[in-house]
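Structural overview
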Amino acid sequence: MAAASSSDSDSGRAESSEASSKWLDAHYDPMANIHTFSACLQLADLHGDGEYKLVVGDLGPGGQQPRLKVLKGPAVLSESPLPALPAAAATFLMEQHEPRTPALALASGPCVYVYKNLRPYFKFSLPQLPPNPLEQDLWNQAKEDRIDPLTLKEMLEGIREKAEVPLSVQSLRFLQLELSEMEAFVNQHKSKSIRRQTVITTMTTLKKNLADEDAVSCLVLGTENKELLVLDPEAFTVLAKMSLPSVPVFLEVSGQFDVEFRLAAACRNGNIYMLRRDSKRPKYCIELSAQPVGLVRVHKVLVVGSNQDSLHGFTHKGKRLWTVQMPAAILTMNLLEQRSRGLQAVMAGLANGEVRIYRDKALLSIVRTPDAVTSLCFGRYGREDHTLIMTTRGGGLIIKILKRTAVFVEGGGEAGPPPAQAMKLNMPRKTRLYVDQTLREREAGTVMHRTFQADLYLLRLRAARAYAQALESSLSPVSATAREPLKLHAVVQGLGPTFKLTLHLQNTSTARPILGLLVCFLYNEGLYALPRAFFQVPLLVPGLNYPLETFVESLSDKGISDIIKACHSAAAAELAGALPETIRGSSWVRLSPLLLPGVPEAWLLPAQLADKTHALISPRELSRGPRE
């Protein structure tokens, strides 16, 4: 009884979970033996009877031949072999005549196979490319038996490594052969002409001149030789050709070919290139930090999946809008469009067996599968409008139907922002003082702003006055006039009774040297003795530092200190005859306080002279006071 009640409760929970789910399980076949990806899945009314069927370009794993499969419901309606691996599948209307039956286009190798009513209708082959001239010359020599197969192999390998033009398929197959098979291969193919053929990597459709759902569409092909081709839907001629910096792997197109269209191409170099109708080369470029694994356009946003387990949203001009991190690697992506509700979202199949549905960066739903999903397709299947078709890594087929009452709500999935983000913070209550201050700011806002502006202007005025006073009293170590661009710096070293006085001079001009400069020190001869108090400065080159050193001996044993005045002039005669009077008529500014008893201090001589009779002498400022 306990076991029976337990099983009943489990089944009840399963039924309630199924009832609360947005999806109905229509079919699951783990042994369907379907191996494909999203670009090779298409839903279309192939016979015009309103019954939509599933078209699958099967890769044929395990050495099997690739096949084109058409499924009606869970059963396979028809199968046909393919000459090469399928790259993409698309359904489009070729003409306006009745009955309006869509055609099926399947890209495989260098060709596009077009089917109508599931019968072969047309085969379009890509234009051949010019072969490598060196390769052509080698095969001509092999045709005339002038080189042996071993030499041919060595020279072809050298061409493959260095040449810009790649080798043909014939040469690449020859390089893969064993030594015993080479001669037979050369005898078989040496009479054939060299052909270099590119292959199709991706394909999509573009409306011709109308935006209606049942309008005529063109095929857009991406090729291995870094080109995009737009084909005419009736004559299958090339209407437009565009070049890309790399090989395209995913395409998204919007607009009409005859009016205006935008084309986004995700390439193997990790970039997404934007092209428009009149551009032969990309107009914008989106540089990704990792390789793209999927590209879906949702309204005006390009959603890109990368191999760094993340989804990114970009505008058509390359601006990043948002980023969402995935819990596992992204295997496939596709568009989910529910037209009855105006919903467009992106589906991402992950390696952990989940299919996540996002609208922008908001998680709408999570569908869990028994195996990792490798391809996705959503649309009308049979007579159900909203059907989700998935194929798994092991070859299984899963079909789910969206309930008619299902509504996708943001945050409906388990993942997303943490719950703590939605919790309200415990903010303190507003005090009476805060309320009174807020009311005061509202009532006296204009007066408070004017007071703030007045204080700001007063602060600026005081700063300007202080700066002007510093220039007038020579408090700056740099000359204030451009006539004598000089920077001086005085340093006192030692503890006594003998000190070392170093004066550093630097020419601050850009290209003019200073010549004939004299420097002297004035001091109290009863307290200090300087063996050298007069210097003749050499040529001052702009930008270099010139140190002038002298020693100062303190003669007092009572620890009395006094100032040592240093000045410079441009003329020796003027300095010798007029400097003492100039100093007596000038005011001195003290730069720093006394550090130790008996230690001399360096002072600055102001630029303004009180005695106008000695205006030819230009004393300038020295910098700091003493340092230990």
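These lines cover the structure that appears in this document, whether it is placed above or below. Each chain carries its own residue numbering, running from 1 in the written order of its sequence. Note on the predicted model: pLDDT of at least 70 is required for a residue's local features to be given, and 80 or more for side-chain atom pairs to be given and counted; whole-chain, interface and lining totals, by contrast, use all residues. Working from all heavy atoms in the structure, the side-chain values ignore hydrogens and water.

**A word on the packing of aromatic side chains**
Convention followed: Centre distance within 6.5 Å is the pairing criterion for rings of Phe, Tyr and Trp, where only the six-membered ring of Trp is used; planes under 30 degrees apart are then read as stacked, over 60 as edge-to-face, and the remainder as tilted. A run of H or I in DSSP counts as a helix once it spans at least four residues, and a run of E counts as a strand once it spans at least two, with each numbered from the N terminus. Each residue's exposure class comes from its accessible area (1.4 Å probe, protein chains only) as a fraction of the maximum for that residue type: buried when under 20%, exposed when over 50%, partly exposed otherwise. Remark: a charge is flagged as sitting over a ring if the NZ atom of Lys or the CZ atom of Arg is within 6 Å of the ring centre and within 35 degrees of the ring normal.
Tallying each qualifying case throughout the model produces 5 aromatic pairs. Each ring, one from Phe-122 and one from Phe-236, has its centre 4.6 Å from the other, and the planes form 15°; the classification is stacked. Within this pair, whereas Phe-122 is found in strand β9 (residues 119-125), its partner Phe-236 is found in the loop between β12 (227-231) and β13 (238-243), the two being separated by 114 residues in sequence. What makes Phe-122 partly exposed here is its relative accessible area of 33%. Judged by its relative accessible area of 5%, Phe-236 falls in the buried class. Positioned over the ring face of Tyr-121 is Lys-116, at 5.6 Å from the centre of the ring. Between the NZ or CZ atom of Arg-277 and the centre of the ring of Phe-257, over which it lies, the distance is 6.0 Å.

**Thoughts on the layout of surface pockets**
Our working rule: Of the two site types, the cavity is a set of points on a 1 Å grid over the protein atoms alone where a 1.4 Å probe fits but cannot get out, and the pocket is an open set with protein on both sides within 12 Å along at least five of seven lines, each lined by residues with an atom within 4 Å of a point. Grid points are joined across faces, edges and corners, and a volume is the space filled by probe spheres set on the points. Residues were grouped as follows: Ala, Val, Leu, Ile, Met, Phe, Trp, Tyr, Cys and Pro as nonpolar; Asp, Glu, Lys and Arg as charged; and all remaining residues, including Gly, as polar.
The calculated volume of the second largest pocket comes to roughly 730 Å³. As for the second largest pocket, its lining consists of 23 residues, of which Ser-168, Val-169, Gln-170, Arg-195 and Gln-197 are closest to the centre. Elements that contribute at least two residues to the lining of the second largest pocket include exactly α4 (169-175) and α5 (179-189). Considering every element that reaches the lining of the second largest pocket, the biggest residue donor is α4, with 4 residues. Among the residues forming the lining of the second largest pocket, the class breakdown is 9 nonpolar, 9 polar and 5 charged.

**Re the packing of helix α3 (residues 149-162) against α5**
So the rule is basically this: To get an axis, fit a line to the C-alpha atoms, keeping to the stretch in contact for a helix; angles then go from 0 to 180 degrees between the N-to-C directions. The cut-offs work like this: below 35 degrees is roughly parallel, past 145 is roughly antiparallel, 65 to 115 is roughly perpendicular, and the gaps in between are oblique. In what follows, residue pairs with any heavy atoms lying within 4.5 Å of each other are defined as contacts.
Contact geometry of α3 with α5 gives a least axis separation of 9 Å together with a crossing angle of 95°. By the angle between their axes, α3 is roughly perpendicular relative to α5. Here Pro-149, Leu-150, Leu-152 and Lys-153 of α3 lie close against α5, whose contacting residues are Leu-179, Met-182, Glu-183 and Val-186. A breakdown of the residues in the contact of α3 with α5 according to their chemical character gives 6 nonpolar, no polar and 2 charged.

**A closer look at the sheet that holds strand β29 (residues 486-493)**
Strand pairing within a sheet occurs via backbone hydrogen bonds; the two strands may be parallel or antiparallel. Definition in use: Pairing between two strands requires that DSSP report at least two bridges joining them.
An order of β29-β30-β34-β32 is seen for the 4 strands of this open sheet, with the pairing classed as antiparallel. Two strands lie at the open edges of the sheet, namely β29 and β32 (528-529), each paired on one side alone. Bridge count for strand β30 (residues 498-507) against strand β34 (residues 545-554) is 9 bridges, and the pairing is antiparallel. From the neighbouring strand, Thr-502 faces β34, where its bridge partner is Glu-549.

**Thoughts on the sheet that holds strand β5 (residues 75-81)**
Taken together, the 4 strands give an open sheet; going across it, the order is β2-β3-β4-β5, and neighbouring strands pair in antiparallel fashion. Looking at strand neighbours, the two that pair on one side only are β2 (41-44) and β5, the edges of this open sheet. Mean inter-strand twist for the sheet, computed between neighbouring axes without regard to direction, equals 20°. Relative to β5, strand β4 (residues 67-72) runs antiparallel, the two being bridged by 6 bridges. Of the residues in β5, the one forming a bridge with Lys-72 is Ala-75.

**With respect to the nonpolar core**
Cut-off, in case you're wondering: Among buried residues, those of type Ala, Val, Leu, Ile, Met, Phe, Trp, Tyr and Cys that are joined through side-chain atoms within 4.5 Å constitute a nonpolar core.
Membership of the largest hydrophobic core comes to 23 residues, with the highest contact counts inside it found for Leu-505 and Phe-521. Listed by contribution, the elements that provide at least two residues to this core are β29, β30, β31 (517-522), β33 (534-537), β34 and β35 (563-569). With residues up to four places along the chain from it excluded, the contact list for Leu-505 reads Leu-486, Lys-487, Leu-488, Leu-517, Val-519, Val-537, Leu-544, Asn-545, Tyr-546 and Leu-548. Listed in part, the 19 residues of the second largest apolar core include Ala-90, Ala-103, Val-114 and Met-203.

**Overview of a nonpolar patch on the surface**
Keep this limit in mind: Like charges within 9 Å and nonpolar side chains (Val, Leu, Ile, Met, Phe, Trp, Tyr) within 5 Å are joined into patches, using only residues over 30% in relative accessible area that form no salt bridge. Computed with the Shrake-Rupley method and a 1.4 Å probe, the accessible areas treat only the protein chains shown as cover for residues. Salt bridges are identified by distance alone: a Lys or Arg side-chain nitrogen within 4 Å of an Asp or Glu carboxyl oxygen.
Together, Leu-515, Leu-539, Val-541 and Leu-544 make up a nonpolar patch on the protein surface, roughly 370 Å² of accessible area in all. With respect to the element layout, Leu-544 can be found in the loop between β33 and β34.

**Re the packing of helix α2 (residues 133-143) against α3**
Describing two packed helices takes the angle between their axes plus the distance from one axis to the other. It is at 10 Å that the axes of α2 and α3 come closest, and there the two elements cross at 175°. The orientation of α2 relative to α3 falls into the category roughly antiparallel. Here α2 contributes Leu-134, Glu-135, Leu-138, Trp-139 and Ala-142 to the contact with α3, which in turn contributes Leu-152, Met-155, Leu-156 and Ile-159. Counted by class, the contact of α2 with α3 contains 8 nonpolar, no polar and 1 charged residues.

**Comments concerning the pattern of salt bridges**
Within this structure, the stated rule accounts for 17 salt bridges. Lys-53 is paired through a salt bridge with Asp-49; the nearest N and O atoms lie 3.9 Å apart. Accessibility expressed as a relative area gives 3% for Lys-53, which makes it buried. Of the residues examined, Asp-49 reaches a relative accessible area of 43% and is grouped as partly exposed. Across the pair Arg-339 and Glu-213 runs a salt bridge whose closest N-O atoms are separated by 2.8 Å. Residue Arg-339 is located in the loop between β22 (330-338) and β23 (343-350), and its partner Glu-213 is located in the loop between β10 (200-207) and β11 (217-223); the two are separated by 126 residues in the primary sequence.

That's the geometry; what it means functionally is another story.
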